Amino acid sequence: MKAIAISRFGPPEVLDFSEVEMPQPGSGEVSVDVAFAGINFVEVLYRQGLVPASLPFVPGIEVSGHIREVGPDVEGLKPGEAVAALTIVKSGGYGEVVVTAADLVAKLERDEQIELATAAGVPSNTTTAYLVIDRVARLKAGDRVLIHAAAGGVGTQLGQVAKSRGASLVVGTVGSPSKAEVAARYGYDQVIVRSRLAEPAATFTDGQGFDIVIDPVGGEMRERSLDLLAPMGRLVVMGNASGADDVRLSSNQLWLTGKTVAGFNLADFSSRYPAEAGSALRTALAAVAAGDIHLEIEEIDPRAIVEAHRCLEAGQTTGKLVMRRL
Ligand SMILES: NC(=O)c1ccc[n+]([C@@H]2O[C@H](COP(=O)([O-])OP(=O)(O)OC[C@H]3O[C@@H](n4cnc5c(N)ncnc54)[C@H](OP(=O)(O)O)[C@@H]3O)[C@@H](O)[C@H]2O)c1
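## Overview of the site of the ligand
Around the ligand lies a shell of 25 residues, among which Gly153, Gly175, Lys179, Arg194 and Leu266 are the nearest. In the environment of the ligand, an oxygen atom lies 2.8 Å from a nitrogen or oxygen atom belonging to the backbone of Val154. Between the ligand and the protein, one listed contact pairs a nitrogen atom with a backbone N or O atom of Met238 at 2.9 Å. Look at the ligand: alone it shows 910 Å² of surface, and the protein chains cover 86% of it. If you list the elements that add at least two residues to the shell around the ligand, you get helix H3 (125–136), helix H4 (153–164) and helix H11 (305–313). Here the shell around the ligand is composed, by residue class, of 11 nonpolar, 11 polar and 3 charged.

## Re the packing of aromatic side chains
This structure, assessed with the given rule, holds 3 aromatic pairs. Between Phe264 and Phe269, the ring centres sit 5.5 Å apart and the planes meet at 50°, which makes this aromatic pair tilted. Look at Phe264 and you get buried, because its relative accessible area is 12%. Seen in terms of ring centroids, Phe269 and Tyr273 are 5.0 Å apart; in terms of plane orientation they differ by 45°. Their pairing is tilted. On the basis of relative accessible area, Phe269 is assigned to the buried category, the value being 7%. You can call Tyr273 partly exposed: its relative accessible area is 40%. The side chain of Arg135 reaches across the aromatic face of Tyr273, ending 5.6 Å from its centre.

## A look at the pattern of salt bridges
Here the idea is simple: oppositely charged side chains can pair when their charged atoms come close. This model, assessed by the stated rule, comprises 21 salt bridges. A salt bridge links Glu307 to Arg310; the shortest N-O distance between them is 2.5 Å. Remark: Arg310 and Glu307 occur in helix H11; sequence separation between them is 3 residues, near one turn of the helix. Residue class for Glu307 comes out partly exposed when judged on its relative accessible area of 41%. Note on Arg310: relative accessible area 37%, which makes it partly exposed. Counted as one network, the salt bridges with shared partners bring together Glu299, Asp301, Arg303 and Arg324.

## A word on the environment of Ala277
Residue placement: Ala277 occurs in helix H10 (residues 274–289). Since its relative accessible area comes to 0%, Ala277 is described here as buried. A sequence separation of 127 residues divides Ala277 from Ala150, and the C-alpha atoms of the two residues are 23 Å apart. When sequence neighbours within four positions are dropped, the list of residues in contact with Ala277 reads Leu86, Leu104, Thr127, Phe269 and Ser270.

## Examining helix H1 (residues 41–48)
Spacing of three or four residues puts side chains on the same side of an α-helix, whose turn is 3.6 residues. Those residues of H1 that sit buried are Glu43, Val44, Tyr46 and Arg47. The arc that holds every buried residue of H1, seen down its axis, measures 160°, which confines them to one face. Of the surrounding elements, those touching the buried residues of H1 are strand S3 (29–39) and H11. Within two residues after H1, Gly49 carries a phi angle of roughly 80°, on the positive side.

## Things to note about the pairing of strand S6 (residues 97–101)
Most of S6 sits out of view: 4 of its 5 residues are buried. The pairing of S3 with S6 spans 5 bridges and is antiparallel. Residue pairing for S6: Val32 is matched across the bridge by Val98.

## Some thoughts on the environment of Met221
Topologically, Met221 is positioned in helix H7 (residues 220–228). Considered as a pair, Met221 and Ala308 are 87 residues apart in the sequence and their alpha carbons are 26 Å apart.

## Focus: the packing of H1 against H11
Two measures define how a pair of helices packs: the angle their axes make with one another and the distance between the axes. The contact between H1 and H11 brings their axes to 9 Å, and the two run at 100°. The orientation of H1 relative to H11 falls into the category roughly perpendicular. Only His309, Leu312 and Glu313 of H11 make contact with H1, whose side of the interface consists of Phe41, Glu43, Val44, Arg47 and Gln48. Tallied by class, the residues present in the contact of H1 with H11 amount to 3 nonpolar, 2 polar and 3 charged.

## A look at H3
Among the 12 residues of H3, 10 are classified as buried, and the element is accordingly described as predominantly covered. Taken as a whole, H3 has its buried residues at Asn125, Thr126, Thr127, Thr128, Ala129, Tyr130, Leu131, Val132, Ile133 and Val136. Downstream of H3 by one or two residues, Arg138 has phi in the positive range, about 50°.

## Quick look at the side chain of Thr317
Residue placement: Thr317 occurs in the loop between H11 and strand S15 (320–324). We classify Thr317 as buried; its relative accessible area is 18%.

## Description of the packing of H3 against H10
Where H3 contacts H10, the axes come no closer than 8 Å and their chain directions differ by 110°. By the angle between their axes, H3 is roughly perpendicular relative to H10. For the pair H3 and H10, the sense of crossing is right-handed. Across from Thr126, Thr127, Tyr130, Leu131 and Arg135 in H3, the residues of H10 making contact are Glu276, Ala277, Ala280, Leu281, Thr283, Ala284, Ala287 and Val288. Its residues assigned to classes, the contact of H3 with H10 comprises 8 nonpolar, 3 polar and 2 charged.

Cut-offs and rules
Residues numbered from 1 in each chain as written. Predicted model: local features only at pLDDT ≥ 70, side-chain atom pairs only at ≥ 80, totals over all residues. Heavy atoms only, no water. Near = heavy atom within 4 Å. Polar contact = N/O pair within 3.5 Å; in protein donor to acceptor, adjacent residues only side chain to side chain. Areas by Shrake-Rupley, 256 points an atom, 1.4 Å probe, with all protein chains shown as cover. Helix = DSSP H or I, 4+ residues; strand = E, 2+ residues; numbered from the N terminus. Nonpolar A, V, L, I, M, F, W, Y, C, P; charged D, E, K, R; others polar. Phe/Tyr/Trp six-rings, centres within 6.5 Å; stacked < 30°, edge-to-face > 60°. Buried < 20%, exposed > 50% of the residue type's maximum accessible area, 1.4 Å probe, protein only. Lys NZ or Arg CZ within 6 Å of the ring centre and 35° of its normal. Salt bridge = Lys/Arg side-chain N within 4 Å of Asp/Glu carboxyl O. Contact = heavy atoms within 4.5 Å. Arc of directions from axis to C-beta. Pairing = 2+ DSSP bridges. Axes fitted to C-alpha atoms, helices over the stretch in contact; angles between N-to-C directions. Parallel < 35°, antiparallel > 145°, perpendicular 65-115°, else oblique. Left-handed = near helix turned anticlockwise from the far one by under 90°.

Here it is, written out as structure tokens:
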């Protein structure tokens, strides 16, 4: 079958149209004829060799499409059914066909009216947003929340999910004023350009600090995030988009000020708890289908994949990119 694969780690140009072996579903797995593949920042990290992968490698952590084949011990899914799927455990979404665990596949119900292009943009970022807000940050109604990279793929989902769960204040940070305009369309009460975070937390929260800070960016932001937390606040560490060196946080500061630092990784979570990840995926799809959570999809042609990776790597994209079938 055709796939966009890499045979060596490196710049966007290593993404190449290739012939690769058709994957076959094993026990508890299904194969999917890919209609659209979501494009994600983490696929840049795989391509660069910063996340372990064995070569040749077909990136792609989420897709929409139709079930092609069902492996042994799979119930409730049939060939031909329209689905959205997390392919994050083994990747492969940039291929014509991808195999994933049946637990990580959600049927697109006819009455839900979700387009295949939109459905491909939900499994990674919207599912992550629900798991991070509900399970990791344990948001309570009335919490004040700060989210970094608010105009990005996951940032645009986190703000809306936080608001829908009853946050009293949702503040986003972005790298530039033009991105502030984008983020403002996604449930944020206030969006600030990151340089303003040098000001005390009191400036944004009436002197209280944030109950939750969500950090997919790392570096300086991470250090500052801990200071911005209110006592008993939770910092969720979920990415390092800045590419900065790892940050040391003081464990003494945690107990002295009553703060929690938690981590989340959808790939690891999906491999350990596939049924729970699948359930969060269904919640995410239902919320998008109902219009409760909005995502702006930009469809790209497969021939534009190199340019798409270049823009993602430079932090120039907003919202969600999905690639049409090969
Ligand atoms: N842990 C998980 O399960 C999980 C799930 C989904 C995503 N993530 C992570 O979350 C991060 C964002 O993912 P995404 O899909 O939202 O990606 P995205 O749409 O590309 O957003 C990334 C954003 O990070 C900001 N950024 C800050 N410093 C940057 C730098 N030096 N280079 C590039 N970008 C920089 C940029 O926004 P500004 O210009 O506003 O700074 C950029 O738009 C990634 O690190 C990704 O791996 C983690």
